[in-house]
Amino acid sequence: MAGEPQGDCLFCKIVEGHIPATIVRETETTVAFRDINPQAPTHVLVIPKVHYANAAELATAEPTIAADVLREAQSVADEDKQASYRIVFNTGSGAGQTVFHAHAHVLGGRGLQWPPG
């Protein structure tokens, strides 16, 4: 059921502490941790503690928590001293989403070209 932990979800297991991660921030509603395959010097994932498959589902069902994810993305960038950074939400496998638990990528510390690759 949406919003509830899913037993087969990697990110739900990180939230529950069953899989280790390099956590950089945690709030009542979010967890932020370093990406295991970083694409920039700063590459942190910010996830809601509730399970929704993608950002659109999260925003529809829990707009306050979606806002928390964005607020935490800013906090991550501030803590890593990134004045310029990118926030990416991939939605669907065609867009590169590989873990179907809503999450924001916070990328910074190098030039990020447009359009993204």
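To be clear, the structure that these remarks concern was listed above.
Below is a summary of the structure that appears in this document. (Residues numbered from 1 in each chain as written. Predicted model: local features only at pLDDT ≥ 70, side-chain atom pairs only at ≥ 80, totals over all residues. Heavy atoms only, no water.)

**Details of helix α3 (residues 63-79)**
Compared with the 24 Å implied by 1.5 Å per residue over 17 residues, the 24 Å span of α3 between its first and last C-alpha is a close match. Within α3, the full set of buried residues consists of Ile65, Ala66, Asp68, Val69, Glu72, Ala73, Val76 and Ala77. At the C-terminal side of α3, Lys81 shows a positive phi close to 55 degrees. (Helix = DSSP H or I, 4+ residues; strand = E, 2+ residues; numbered from the N terminus. Expected span 1.5 Å × (residues − 1). Buried < 20%, exposed > 50% of the residue type's maximum accessible area, 1.4 Å probe, protein only.)

**Examining the packing of aromatic side chains**
Tallied over the entire structure, the rule returns one aromatic pair. Each ring, one from Phe11 and one from Phe33, has its centre 5.5 Å from the other, and the planes form 75 degrees; the classification is edge-to-face. Linking Phe11 in helix α1 (residues 10-15) with Phe33 in strand β2 (residues 30-34), this pair joins segments that are 22 residues apart in sequence. Among the residues examined, Phe11 registers a relative accessible area of 4% and is labelled buried. Judged by relative accessible area, Phe33 falls into the buried class, the value being 3%. (Phe/Tyr/Trp six-rings, centres within 6.5 Å; stacked < 30°, edge-to-face > 60°.)

**Here we look at the nonpolar core**
Core analysis: the largest hydrophobic core is formed by 14 residues, its most contacted members being Ala32, Val46, Leu58, Val69, Val76 and Val106. For this core, the elements supplying multiple residues, two or more each, are β3 (42-48), α3 and β5 (104-108). Top element by residues in this core is α3. It accounts for six residues. In contact with Val106, not counting residues within four places along its chain, are Thr42, His43, Val44, Val46, Ala73, Val76, Ala77, Tyr85 and Arg86. Cys9, Val31, Leu45 and Val99 belong to the second largest nonpolar core, which has nine residues in total. (Core = buried A, V, L, I, M, F, W, Y, C linked by side-chain atoms within 4.5 Å. Contact = heavy atoms within 4.5 Å.)

**Some details on the sheet that holds β2**
In space, the five strands of this open sheet follow the order β1-β2-β3-β5-β4, with antiparallel pairing throughout. The open sheet has two edge strands with one neighbour each: β1 (23-26) and β4 (85-88). Ignoring which end each strand starts from, the neighbouring axes of this sheet average 20 degrees apart. Bridge count between β2 and β3: five bridges; the pairing is antiparallel. Within the sheet, the bridge partner assigned to Thr30 lies in β3 and is Pro48. Relative to the sheet, α3 contacts β1, β2, β3, β4 and β5, its axis offset from that of β3 by approximately 155 degrees. (Pairing = 2+ DSSP bridges. Axes fitted to C-alpha atoms, helices over the stretch in contact; angles between N-to-C directions.)

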